[in-house]
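Next come the chains, spelled out residue by residue.
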Amino acid sequence: MSSPSLSQQSSHALSRERLGLALGFVGMAIFGGTLPATRIAVSAIDPLALTALRTAIAGVASLALLIVLRRQCPPRRLWLQLAVASLCVSILFPFLMAVSMTTVDASHGGVVMGALPIATAFVAVLITHERPGPLFWIASIAGAALVVAFAMRQGGGSLSSGDLLLFAAVAASAVGYAFSGRLTIEMPGWEVISWALVIALPISLPAAAFSMPSHTSAIAPGPWLALLYVALFSQWIGFFAWNAGMAMGGIARVSQMQLLQPFVTFALAALFNGETITPQIVLFAAAVVATVAISTRTRSRKAPRPRR
């Protein structure tokens, strides 16, 4: 049987990258609902309790799925990377974001979180051998600069404590995303996030029991539904698509999809939080989409995959 031609291999690689970008978009859209849902949840649930509950719920669901599918524990050489990803995406990021949502609007947080793609790409360069070309960096920096400038404009030229918490959340999330993307070389993306959440169970379960609100019957259905969204979708299912997308399209390239995330957040914040979308936001969205279109058309040189 003849081996595939060079053109067939190139076409297959291009199709794989496009699928990776599509999966990254789906994950981004799910993550775009995180801030509006968190804003609703913290109106009735303490940020610490919300973080513990969302991580515990997602962790229990992950453990059940891994048991049902009879998945073996990851090799010991991967546990440190899994621990780092777990700390960042299941503890630090949700807690910092939840606290910030007690002082700033979801739409404002969505703008600040727009700095996440460039942060993720920067971490990816540090921990992997991905080397995006100059055009990629120019477009990425331009997009990040746009969202930061917009955040400062909305804040009257300064950053609030909520902004600083969000930037810390960006840093934690970037590290978690980059390590998760690296781990997808070794195992499927859904398994990466599932094991990361299982690792956190010894912390999240006791914390959830300790911080459970005493007035649960007085909490309206809205915050509970928001908790379920951030636990099952933002914390777990969204990573199925996101990690798979990074494995197929490259960490640095797929991470640029998150430049669109602020505007998904804007739409959902307007729908569920009653926040106003101004013409300035629409124009700003168009500018950021343009940077995404440029950056996703560039190529990145990927490191050879290690042997499993």
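The structure reproduced in this document is the subject of the present report. Predicted model only: the values in this text are computed from it and were never measured.

Brief notes about the environment of Gly20
By secondary structure assignment, the location of Gly20 is in helix α1 (residues 6–32). Residues Gly20 and Ala244 lie 224 residues apart in sequence; the distance between their C-alpha atoms is 6.8 Å. Those residues in contact with Gly20, other than ones at most four positions away along the chain, are Gly245, Met248, Gly249 and Val254.

Focus: the pattern of salt bridges
Across all of its chains, the model carries 3 salt bridges by this definition. The partner of Asp105 in a salt bridge is Arg39, with the nearest N and O atoms 3.2 Å apart. Of this pair, Asp105 sits in the loop between α4 (79–100) and α5 (106–112) while Arg39 is found in helix α2 (residues 34–41), placing the two residues 66 residues apart along the sequence. The exposure class assigned to Asp105 is partly exposed, which follows from its relative accessible area of 37%. Glu186 is paired through a salt bridge with Arg77; the nearest N and O atoms lie 3.2 Å apart. With Glu186 in the loop between α8 (161–183) and α9 (189–211) and Arg77 in the loop between α3 (47–68) and α4, the pair connects residues that are 109 residues apart, well separated along the chain. A relative accessible area of 17% means that Glu186 is categorised as buried. What makes Arg77 partly exposed here is its relative accessible area of 49%.

Quick notes on α4
One turn of the α-helix equals 3.6 residues, which is why residues spaced by three or four share an orientation. Taking 1.5 Å of rise per residue, the 22 residues of α4 would be expected to cover 32 Å, and the 30 Å separating its terminal C-alpha atoms lies within 8% of that figure. By the largest-angle criterion, Leu92 marks the main kink of α4, which is about 30°, and a proline, Pro94, follows within four residues.

What to know about the packing of α9 against helix α10 (residues 221–249)
Helix packing geometry: the angle between the two helix axes and the distance between the axes. α10 packs onto α9 with a crossing angle of 140° between their chain directions and a minimal axis gap of 7 Å. Between α9 and α10, the crossing angle belongs to the class labelled oblique. Two packed elements cross with a definite hand, and for α9 against α10 that hand is right-handed. From α9, Gly189, Trp190, Val192, Ile193, Ser194 and Leu197 reach across to α10, where they touch Gln235, Trp236, Phe239, Phe240, Asn243 and Ala244. The residue inventory of the contact of α9 with α10, partitioned by class, reads 8 nonpolar, 4 polar and no charged.

Reading the values: the criteria
- Residues numbered from 1 in each chain as written.
- Predicted model: local features only at pLDDT ≥ 70, side-chain atom pairs only at ≥ 80, totals over all residues.
- Heavy atoms only, no water.
- Helix = DSSP H or I, 4+ residues; strand = E, 2+ residues; numbered from the N terminus.
- Contact = heavy atoms within 4.5 Å.
- Salt bridge = Lys/Arg side-chain N within 4 Å of Asp/Glu carboxyl O.
- Buried < 20%, exposed > 50% of the residue type's maximum accessible area, 1.4 Å probe, protein only.
- Expected span 1.5 Å × (residues − 1).
- Bend = angle between axes of the 7 residues up to and from the residue.
- Axes fitted to C-alpha atoms, helices over the stretch in contact; angles between N-to-C directions.
- Parallel < 35°, antiparallel > 145°, perpendicular 65-115°, else oblique.
- Left-handed = near helix turned anticlockwise from the far one by under 90°.
- Nonpolar A, V, L, I, M, F, W, Y, C, P; charged D, E, K, R; others polar.

Purely geometric stuff here, so don't read any function into it on its own.
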